[in-house]
Amino acid sequence: MRKLLVIGTALALAACGTTANTSNTSLNTCLTQKAYAALNDGTLLTTEVKTLAQNISSACLKKLALEKAGLNEESVTAATNVLTALRAAKGE
């Protein structure tokens, strides 16, 4: 039953992605990845579907908005700098 739900959801998202523009394709990809992550980590089985869907949707929309604003690369660079500094401080 769960496999059918996952397969049906994946097919529905894939069908939407084939007729959507690039931003919708990116959104569908993000939603699908997070849905599979929720399945793999058990969240799908322990959280109400509507609540989980809202959380996943919100996370994907924020991620895509930040990428479009050009903050994705900037945030990776900032995180890299902090992690490098922490690693260097720990090594001293």
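In case you missed it, the structure is sitting above this.
Throughout what follows, the structure given in this document is the object of discussion. All figures in this text were calculated on a predicted structure; none of them were measured in a lab. (Residues numbered from 1 in each chain as written. Predicted model: local features only at pLDDT ≥ 70, side-chain atom pairs only at ≥ 80, totals over all residues. Heavy atoms only, no water.)

## Section: the nonpolar core
This is how the line gets drawn: In this text, buried Ala, Val, Leu, Ile, Met, Phe, Trp, Tyr and Cys residues form a nonpolar core when linked through side-chain atoms within 4.5 Å. To sort residues, take the accessible area from a 1.4 Å probe on protein chains only and compare it with the maximum for the residue type: under 20% means buried, over 50% means exposed, and anything in between is partly exposed. Each helix is a run of H or I in the DSSP string that is no shorter than four residues. Each strand is a run of E no shorter than two, and both are numbered from the N terminus. Contacts between residues were defined by any pair of non-hydrogen atoms, one from each residue, lying within 4.5 Å.
With eight residues, the main nonpolar core is built from Leu-27, Cys-30, Leu-31, Ala-38, Leu-52, Ile-56, Cys-60 and Leu-64. Mapped by element, the contributors of at least two residues to this core are helix 2 (22-41) and helix 4 (49-68). Those residues in contact with Leu-52 that lie beyond four places of it in its chain are Ala-38, Thr-43, Leu-44 and Thr-47.

## So, the state of the cysteines
Here a disulfide denotes a covalent bond joining the sulfur atom of one cysteine to the sulfur atom of another. Selection criterion: Pairs of cysteine sulfur atoms within 2.5 Å are what we label disulfides.
Inspection of the entire model under this criterion finds one disulfide. A sulfur-sulfur distance of 2.1 Å marks the disulfide that ties Cys-30 to Cys-60. Taking the torsion about the sulfur-sulfur bond, which here is approximately -85°, the covalent link between Cys-30 and Cys-60 counts as left-handed. Residue Cys-30 is found in helix 2, and its partner Cys-60 is found in helix 4; the two are separated by 30 residues along the sequence. Comparing Cys-30 with Cys-60, the two get one shared label, buried.

## What about helix 4?
Because an α-helix packs 3.6 residues into every turn, residues spaced three or four apart end up facing the same way. As a reminder of what qualifies: A helix's residues, less one, multiplied by 1.5 Å, set its expected span. Note that the arc is defined by the directions from the helix axis to the C-beta atoms.
The end-to-end C-alpha separation of helix 4 is 28 Å, in line with the 28 Å expected for 20 residues at 1.5 Å each. Listed in full, the buried residues belonging to helix 4 are Leu-52, Ile-56, Cys-60 and Leu-64. On an axial view of helix 4, the arc spanned by its buried residues comes to 90°, and they lie on one face. What points out from helix 4, more than 90 degrees from its buried face, is the exposed set Lys-50 and Lys-62.

## Digging into the environment of Leu-66
Note that Leu-66 resides in helix 4. Non-local contacts of Leu-66, meaning those with residues more than four positions away in its chain, are made with Leu-71 and Asn-72.

## What about the environment of Gln-33?
Tracing the sequence through the fold places Gln-33 in helix 2. Of the residues examined, Gln-33 reaches a relative accessible area of 49% and is grouped as partly exposed. When the C-alpha positions of Gln-33 and Ile-56 are compared, they lie 9.7 Å apart, and in sequence the two are 23 residues distant.

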